Amino acid sequence: MKVVLICPADRPAVECLAENFPLALTPLLGRSLLEYWIEALAPRGVTEVVVLASDRPHQIRVALGDGARWGIQLKVIPQSRELTAAEARQLYRNDGDSSWLEGEDVILLDRLPGPAQPPLFESYAAWFSALVAFAPHAVTPGRIGVREVQPGIWVGLHSHLAPGVRLQAPCWIGEHVIIGEHTTIGPGAIIEDHVVIERGATVRTSRVGPDTFVGRNICVHHSIAQGGPLINWQNNSCLQVPDDFLLGSLAD
């Protein structure tokens, strides 16, 4: 079976999310949107995937490779703009070829896989809400490294939680995370991989992106923290935090 995946291009409502990665590669609970879709399609008999990307296709090609890790053939084709499903079907599907996934031969990646998943890119609030709702489905059968330690609380391997950490469901803590003493994580907290949260901090109704440092006694509420940038998903504001001891990037 064959499938065409259309990567989202410009989405002004969530433009800060695409600062470092194209939206199709932005980390979501330890994986990218593209990875979740390929993982969902491969067990359904899909063996060939064409990815159409107009935003930083070279990053997508490097991240996905040739598809061998999923047992599929994968090709990334750069585009000058985001195509519609009808345009992609006309350009890349041969009408005489019946080996296409019925009903989902062309998929726009504007939501996570699965029934009734909400749109991701209508607003920061919609994006955050979709992540929290998807957390119970993010531990896919082929995925190791994250386990549910309590109902609604997932913790990754090689993560260190100091004594006195308070976890409140729903709560997702990725892999290789360090959380200091007397912190409160949750409810509604998503901590991505390789995050350091210092003593006394609080993270609730928020998502902390990968490779982010959260300083001592800092409160992150109703926000999306991505290194230095801090997005308030309630009022759609974006602030660059000037002090790395408060909030900063661990990358590089």
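Only a predicted model underlies this, so the values are computations on that prediction, with no experimental measurement involved.

Trainee: Is there a simple way to explain the pattern of salt bridges in this structure?
Mentor: Between side chains of opposite charge, a pair can form when the charged atoms approach closely. Summed over all chains, the structure comprises eleven salt bridges. With a closest N to O distance of 2.8 Å, Asp 55 and Arg 56 form a salt bridge. Arg 111 is the partner of Asp 110 in a salt bridge, and the nearest nitrogen-oxygen pair spans 3.2 Å. For Arg 111, a relative accessible area of 30% corresponds to the partly exposed category. Residues participating in the shared-partner salt-bridge network are Arg 89, Arg 93 and Asp 105.

Trainee: Just to check I follow, could you spell out the sheet that holds strand S7 (residues 160-161) for this structure?
Mentor: Sheet strands line up and pair through hydrogen bonds in the backbone, either parallel or antiparallel. Overall, mixed pairing links the five strands, which are arranged S7-S10-S13-S16-S21 in an open sheet. Two strands bound the open sheet, and with one partner strand each, they are S7 and strand S21 (247-249). In terms of strand pairing, strand S13 (residues 196-197) meets strand S16 (residues 212-214) through two bridges, oriented parallel. Paired with Ile 197 across the bridge in S16 is Val 214.

Trainee: Looking at this structure, I do not really get the sheet that holds strand S20 (residues 237-240). What am I missing?
Mentor: Spatial strand order, S5-S6-S9-S12-S15-S18-S19-S20: eight strands in an open sheet with mixed pairing. What marks the edges here is a single partner per strand, and that holds for strand S5 (146-150) and S20. Put simply, the sheet's adjacent strands are angled 15° from each other on average, direction ignored. Sheet topology note: the strand S12 (residues 189-191)/strand S15 (residues 206-208) ladder contains three bridges and is parallel. Opposite Ile 191, over in S15, you have Val 208 as the bridge partner.

Trainee: Looking at this structure, how should I read the side chain of Arg 207?
Mentor: Assignment of secondary structure puts Arg 207 in strand S15. A residue is classified by how much of its surface remains accessible, and Arg 207, at 0% relative accessible area, is buried. Among the polar contacts made by the side chain of Arg 207, one reaches the main-chain carbonyl oxygen of Pro 27 at a distance of 2.7 Å. Setting aside anything within four residues of it in sequence, one finds Arg 207 in contact with Thr 26, Pro 27, Trp 127, Phe 128, Leu 131, Ile 190, Glu 192, Ser 223, Ile 224, Ala 225 and Gln 226.

Rules behind the numbers
Residues numbered from 1 in each chain as written. Predicted model: local features only at pLDDT ≥ 70, side-chain atom pairs only at ≥ 80, totals over all residues. Heavy atoms only, no water. Salt bridge = Lys/Arg side-chain N within 4 Å of Asp/Glu carboxyl O. Buried < 20%, exposed > 50% of the residue type's maximum accessible area, 1.4 Å probe, protein only. Pairing = 2+ DSSP bridges. Helix = DSSP H or I, 4+ residues; strand = E, 2+ residues; numbered from the N terminus. Axes fitted to C-alpha atoms, helices over the stretch in contact; angles between N-to-C directions. Polar contact = N/O pair within 3.5 Å; in protein donor to acceptor, adjacent residues only side chain to side chain. Contact = heavy atoms within 4.5 Å.

Bear in mind that shape data such as this cannot, by itself, settle questions of function.
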